[in-house]
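Given next are the chains, with one letter for each unit.
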There are 2 protein chains.
Amino acid sequence: MSAGRSRPADPEWIVGVDVGGTNLRVGAIPFAGGAPVEVMHGKTRAQEGAKATVRRIGAMVRKVAARVEGEVVGVGVGVPGPLDRKRAMVLETPNLGWRNVPLGSMIADETKLPAVIDNDAACFALGEWWMGAGQRAECLVGVTLGTGVGSGIVLGGRIHHGASDAAGELGHTVVAVGGRRCGCGRRGCVEAYASGPAIAGRAREALAEGIAVAPSVLGRRDPGAITARDVCAAAAAGDELARIVVQRAADMLAVALANVIHLLNPDVLVIGGGVAAAGRFLMGPLRTGVERRAFASAVRACRLVPAAFPETSGMVGAAAVFRQATGAAL
Amino acid sequence: MSAGRSRPADPEWIVGVDVGGTNLRVGAIPFAGGAPVEVMHGKTRAQEGAKATVRRIGAMVRKVAARVEGEVVGVGVGVPGPLDRKRAMVLETPNLGWRNVPLGSMIADETKLPAVIDNDAACFALGEWWMGAGQRAECLVGVTLGTGVGSGIVLGGRIHHGASDAAGELGHTVVAVGGRRCGCGRRGCVEAYASGPAIAGRAREALAEGIAVAPSVLGRRDPGAITARDVCAAAAAGDELARIVVQRAADMLAVALANVIHLLNPDVLVIGGGVAAAGRFLMGPLRTGVERRAFASAVRACRLVPAAFPETSGMVGAAAVFRQATGAAL
């Protein structure tokens, strides 16, 4: 932090933190809005416990803060839920293995800065609304395709949290009652078809079943090591089996997105997350599927687009949540 | 209208109109809120054309207005969509058979009162929010079970219309990809399982298939004449076949409601419409299905209740829409 500025009435930066299952991302976002600067990457290593992760986050926040000119007024953190925003508490994260972690106060203690937390997919959606592909949208739904399928709903520039901070669980909406088993224990959730692990798993099954006429490049790999990224890359390169698998995932995701369009009639649907980043190839079949499955007028009214900033919108949106918590509009 | 009052600054009544596929309902609602009075019933007879229906609506509005003490300031109309609210235009209603009908201006011409229109299921939801089972809910979803499955979403006391006035199409959200054929031409929509005609149709099939051990009372009827109302009544009376049919419909509806809970995390879900009125019996299996299918914390946060005023909330909500159009909050 530079010495020349000290008036709290003259805030300049918010540090945004994106706590992923594997990676940490930290950067400084102008309080007034703008591209993130001094973006740093780290490893979450959640299995070492929340305290160790918070120490790493604290060190990154301090580094980022030291590098920017001007005052840092606070920290916004995006983290997988479910969580209790009021108490800034992570209740349970299957991906991180944490339970009842008071993440907000831990990060505030570590950084000596006020901190707020919000759901990571909601932060992604708000980040894309604030400075990405969905600026000024009245109703934006941001979808993250990764280890899970998440989503965030932004209405009039504010995250729709719902009655218990649990809104946006797109991944566990059912598209095929009695269908494939999901990680949540239920059947037919879209996550069981369109998450990264689901795509990789389906590719392994397809190899075993021999569903393609031409031999697949994926057949040369150790089946256990195949990732969704590999499948998307192979599909983009024209591999038949990979294309069939991606097509199927896109089609099931299209059912879920068409359901969102039927229910909410959003003006923007933004697709992000690791799988989407690896597979822009997804967007084509996704668009076709949605057009086929939702009412034409609602499809026409909705821009279905890839994230403008798939890597940083979560972090930027977390900063936006902090900004809103100060009472400032975006 | 009484002669003693004439200042437009002293409004007292709004006439609410609910245009159903079969029935018209018209009543006067206090501008300040309160139970509807002078409620009249009529037949829509949409097949005679919009003009004839509007003439009947006009006569009913004038009668209701003449009966109340005080000034009537306007008319709110709930009507099946899709519609264009700004132009107060019904674009297309499969149930009424109308196309591009400027219903708002036609009713205004007929009644010499300002008129607004909105989607009937949205009006139902807003009516239940204003004076029914979901008062002061932050996020209320109202579901109407009838010839179709409709819904309205009320957020912070306002209808969520979406980008093209098409939000709330719960009936066409897919719960079983590749499943039963829906009236919309697609497959697996919840309306293909839980609407009145779907329940009646399934009962006819079940009779033909002989799925129950005990003979059904419905077997004594002309299969073509069986209605959802009959099926619900038989189920409530303990008929095994009817119970199986209602259970299946409730279970598929529960999938769709669980999807709504996952996406929106509402604090209230209100069930109304003709089928629900006939079958309070539905609520039990519906609740069980939702509890089984949605996350416990979100289910706990949501009151799943039958409509407080299944007959009149559409009309009351239409009046609420008019009230909001004047700039007054509810």
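Calculation criteria
Residues numbered from 1 in each chain as written. Chains lettered and ligands numbered in written order. Predicted model: local features only at pLDDT ≥ 70, side-chain atom pairs only at ≥ 80, totals over all residues. Heavy atoms only, no water. Least-squares fit on C-alpha atoms with pLDDT ≥ 70 in both. Contact = heavy atoms within 4.5 Å. Domains from an automatic or database assignment. Buried area = accessible area lost by both parts, 1.4 Å probe. Salt bridge = Lys/Arg side-chain N within 4 Å of Asp/Glu carboxyl O. Polar contact = N/O pair within 3.5 Å; in protein donor to acceptor, adjacent residues only side chain to side chain. Helix = DSSP H or I, 4+ residues; strand = E, 2+ residues; numbered from the N terminus. Nonpolar A, V, L, I, M, F, W, Y, C, P; charged D, E, K, R; others polar. Pairing = 2+ DSSP bridges. Axes fitted to C-alpha atoms, helices over the stretch in contact; angles between N-to-C directions. Core = buried A, V, L, I, M, F, W, Y, C linked by side-chain atoms within 4.5 Å. Buried < 20%, exposed > 50% of the residue type's maximum accessible area, 1.4 Å probe, protein only. 1 Å grid on protein atoms, 1.4 Å probe; cavity = no way out; pocket = protein on both sides within 12 Å on 5 of 7 lines; lining within 4 Å. Points joined across faces, edges and corners; volume = space filled by probe spheres on them.

**Overview of the relation of the copies chain A and chain B**
In step 1: Turning chain A through 180° and shifting it by 0.0 Å along the axis lays it on chain B, with an RMSD of 0.0 Å. The two molecules are tied by a two-fold rotation axis, judged by turn and shift.
In step 2: A symmetric contact is evident, with 100% of the interface residues of chain A recurring at the interface of chain B.

**Section: the domain arrangement of chain A**
All names here are of chain A.
In step 1: The domain boundaries assigned to chain A delineate domain 1 (13–126 + 312–325) and domain 2 (136–306).
In step 2: With 14 residues of domain 1 at the interface, the matching set in domain 2 holds 18 residues.
In step 3: Between domain 1 and domain 2 lies a buried interface of about 1100 Å² when both sides are counted; carbon and sulfur atoms form 60% of it.
In step 4: Counting the surface domain 1 buries against domain 2, the share from its top three residues, Phe 124, Ala 125 and Gln 324, is 40%.
In step 5: Counting every contact that joins domain 1 to domain 2 gives 1 salt bridge.
In step 6: Among the ionic pairs, Asp 165 bridges to Arg 85, the shortest N-O distance being 3.0 Å.

**Observations concerning the interface of chain A and chain B**
In step 1: Each partner contributes residues to the interface: chain A has 40 residues there, and chain B has 40 residues.
In step 2: Roughly 3100 Å² is buried in total at the junction of chain A and chain B, and carbon and sulfur atoms are behind 63% of that figure.
In step 3: When the area that chain A buries against chain B is broken down by residue, the three leading residues are Val 177, Arg 186 and Leu 263 of chain A, summing to 22%.
In step 4: Between chain A and chain B we count 0 salt bridges in total.
In step 5: For the pair chain A and chain B, the interface holds 28 residue pairs in polar contact (both at pLDDT 80 or more).
In step 6: Residue assignment for the side of chain A that touches chain B shows that the elements contributing at least two residues are β10 (149–155), α7 (240–264), α9 (283–293) and α10 (296–300) of chain A.
In step 7: If one sorts the elements of the side of chain A that touches chain B by residue count, α7 of chain A sits on top with 7 residues.
In step 8: Among the residues making up the side of chain A that touches chain B, the classes are represented as 22 nonpolar, 12 polar and 6 charged.

**Focus: the sheet that holds strand β4 (residues 72–79) of chain B**
Residue and element names in this part refer to chain B.
In step 1: The 5 strands are arranged β3-β2-β1-β4-β8 in an open sheet whose pairing can be described as mixed. A strand with exactly one partner marks an edge of an open sheet, and here the two such strands are β3 (37–43) and β8 (115–119). Direction aside, the axes of adjacent strands within the sheet are offset by 20° on average.
In step 2: Here strand β1 (residues 13–19) pairs with strand β2 (residues 23–30) via 7 bridges, running antiparallel. Note that in β2 the partner of Trp 13 across the bridge is Pro 30.
In step 3: Helix α3 (residues 120–131) rests against β1, β2, β4 and β8 of the sheet, and its axis sits at about 100° to β8.
In step 4: Running over the sheet, helix α11 (residues 313–325) touches β1, β2, β3, β4 and β8 and is turned about 130° from β1.

**A closer look at the nonpolar core**
Inside soluble globular proteins, nonpolar side chains tend to come together where they are buried.
In step 1: Formed by 118 residues in total, the largest nonpolar core has its most connected members in Leu 257 of chain A together with Leu 257 of chain B.
In step 2: When residues no more than four places from it in sequence are discounted, the contact partners of Leu 257 of chain B are Val 143, Leu 170, Leu 269, Ile 271, Leu 286, Val 290 and Leu 304 of chain B.

**Observations concerning empty space enclosed by the protein**
All names here are of chain B.
In step 1: Overall, the coordinates contain 5 cavities of 30 Å³ or more when judged by the stated rule.
In step 2: The calculated volume of the largest cavity comes to roughly 80 Å³.
In step 3: Taken together, 13 residues make up the lining of the largest cavity; nearest its centre are Asn 119, Ala 122, His 160, His 161 and Ala 167.
In step 4: Only β8 and β10 (149–155) provide two or more residues apiece to the lining of the largest cavity.
In step 5: Classifying every residue of the lining of the largest cavity by side-chain character gives 5 nonpolar, 6 polar and 2 charged.
In step 6: When we break the lining of the largest cavity down by domain, the ones giving at least three residues each are domain 1 (13–126 + 312–325) and domain 2 (137–306).

**Some remarks on the pairing of strand β7 (residues 98–101) of chain B**
Residues and elements named next belong to chain B.
In step 1: Of the pairings in the sheet, the one linking strand β6 (residues 89–93) to β7 comprises 3 bridges and is antiparallel in character. Considered in β7, the bridge of Thr 93 is made with Trp 98.
In step 2: In sequence, β6 turns back onto β7 through a hairpin of 4 residues, with Gly 97 there showing a positive phi of about 75°.

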